[in-house]
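As a plain string of letters, each chain reads:
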Amino acid sequence: EPEVTQTPSHQVTQMGQEVILRCVPISNHLYFYWYRQILGQKVEFLVSFYNNEISEKSEIFDDQFSVERPDGSNFTLKIRSTKLEDSAMYFCASTAQGQAYGYTFGSGTRLTVV
Amino acid sequence: EDQVTQSPEALRLQEGESSSLNCSYTVSGLRGLFWYRQDPGKGPEFLFTLYSAGEEKEKERLKATLTKKESFLHITAPKPEDSATYLCAVHAGNMLTFGGGTRLMVKP
């Protein structure tokens, strides 16, 4: 069964450092997403990406965040200057237009900012 | 603003003891309601999508139903391997809005 692959599974970074979280969506999917889940809290939407541009973003997704699809397979989330409150599980998801079986999520990257 | 509320927050069942999880929602322009299973430290795993009131879907011991204001996930004769957090999410616009989840523990 096709999977969404995320790397690394766990990243520890110093406050103020830049991090890049990587995702390989399912190959025939067209819509890509980043969500995050702070420990003990709800899964929250960050951004959606279609046709090489952001289609929607939440209030969380401020100027410190950016997304990119640098080639035909990877989808990345960059946090420019990490804060302690950025510590969370970050999930990448993808879906194909019109699919009835929902978004497919990756296993996540646990980001710890110290 | 779209809102999704799940209850109970946690549920302990004995193996074989059937029960239901609730997801109530308010949303503009519902495109679908999703149920996911999430194991600790993992991403949400898709279970069901429901699109219109009255719709029902089943998979093994799980059955999801939908009304205009809420959805239920019925678990029949659960087993310990059904222990997980069950997430409900509504699809509106171009995003999913999740509820807080129900943490289900099934004891043998």
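See the structure printed just above.
Residues numbered from 1 in each chain as written. Chains lettered and ligands numbered in written order. Predicted model: local features only at pLDDT ≥ 70, side-chain atom pairs only at ≥ 80, totals over all residues. Heavy atoms only, no water.

A.B. asks: I keep staring at the pairing of strand β8 (residues 75-79) of chain A and nothing clicks. Help me out?
C.D. replies: A regular strand places its side chains on the two faces of the sheet in alternate fashion. All names here are of chain A. Of all the 5 residues making up β8, 4 are buried; the element is thus mostly covered by neighbouring parts of the structure. Two strands pair when backbone bridges link them, and strand β3 (residues 19-24) and β8 are joined in this way by 5 bridges, in the antiparallel orientation. Bridge pairing links Ile-20 to Lys-78 in β8. Bridging between strand β7 (residues 65-68) and β8 involves 4 bridges; their strand directions are antiparallel. Directly across from Val-67, in β8, lies its bridge partner Leu-77. As consecutive antiparallel partners, β7 and β8 are separated by 6 residues. (Buried < 20%, exposed > 50% of the residue type's maximum accessible area, 1.4 Å probe, protein only. Helix = DSSP H or I, 4+ residues; strand = E, 2+ residues; numbered from the N terminus. Pairing = 2+ DSSP bridges.)

A.B. asks: Explain the pattern of salt bridges here, please?
C.D. replies: A side chain of one charge can pair with a side chain of the opposite charge when the charged atoms of the two come close. Residues and elements named next belong to chain B. This structure, assessed with the given rule, holds 5 salt bridges over all chains. Linking Glu-55 and Lys-57 is a salt bridge whose minimum nitrogen-to-oxygen distance equals 3.7 Å. When the shortest N-O distance is used, the salt bridge between Glu-56 and Lys-63 registers 3.4 Å. The partly exposed category is assigned to Glu-56, whose relative accessible area is 48%. For Lys-63, a relative accessible area of 27% puts it in the partly exposed group. (Salt bridge = Lys/Arg side-chain N within 4 Å of Asp/Glu carboxyl O.)

A.B. asks: Can you help me understand the state of the cysteines in this one?
C.D. replies: Where two cysteines share a covalent bond between their sulfur atoms, that bond is called a disulfide. Throughout the structure, instances matching the rule amount to 2 disulfides over all chains. Here Cys23(A) connects covalently by a disulfide to Cys92(A), the sulfurs 2.0 Å from one another. Residues Cys23(A) and Cys92(A) are joined through a disulfide that is left-handed, its torsion about the S-S bond being -65°. Of this pair, Cys23(A) sits in strand β3 while Cys92(A) is found in strand β9 (residues 88-95), placing the two residues 69 residues apart along the sequence. The partner cysteine of Cys23(B) in its disulfide is Cys88(B), sulfur to sulfur 1.9 Å. (Disulfide = S-S within 2.5 Å.)

A.B. asks: Teacher, can you tell me more about the interface of chain B and chain A here?
C.D. replies: One widely used convention gives an interface's size as the accessible area the parts lose upon coming together. Taken residue by residue, the interface counts 20 residues in chain B and 21 residues in chain A. Carbon and sulfur atoms supply 55% of the area that chain B and chain A bury against each other, a total of about 1,600 Å² over both sides. If you sort the residues of chain B by the area they bury against chain A, Asn94(B), Met95(B) and Phe98(B) come out on top, with a joint share of 35%. Along the contact surface separating chain B from chain A lie 0 salt bridges. At the junction of chain B with chain A, the criterion picks out 5 residue pairs in polar contact (both at pLDDT 80 or more). Going through the elements one at a time, β4 (32-38), β5 (45-50), β9 (84-92) and β10 (95-98) of chain B are the ones with two or more residues in the side of chain B that touches chain A. Residue classes in the side of chain B that touches chain A are distributed as 10 nonpolar, 9 polar and 1 charged. (Contact = heavy atoms within 4.5 Å. Buried area = accessible area lost by both parts, 1.4 Å probe. Polar contact = N/O pair within 3.5 Å; in protein donor to acceptor, adjacent residues only side chain to side chain. Nonpolar A, V, L, I, M, F, W, Y, C, P; charged D, E, K, R; others polar.)

Geometric descriptors of this kind do not, in isolation, establish any biological role.
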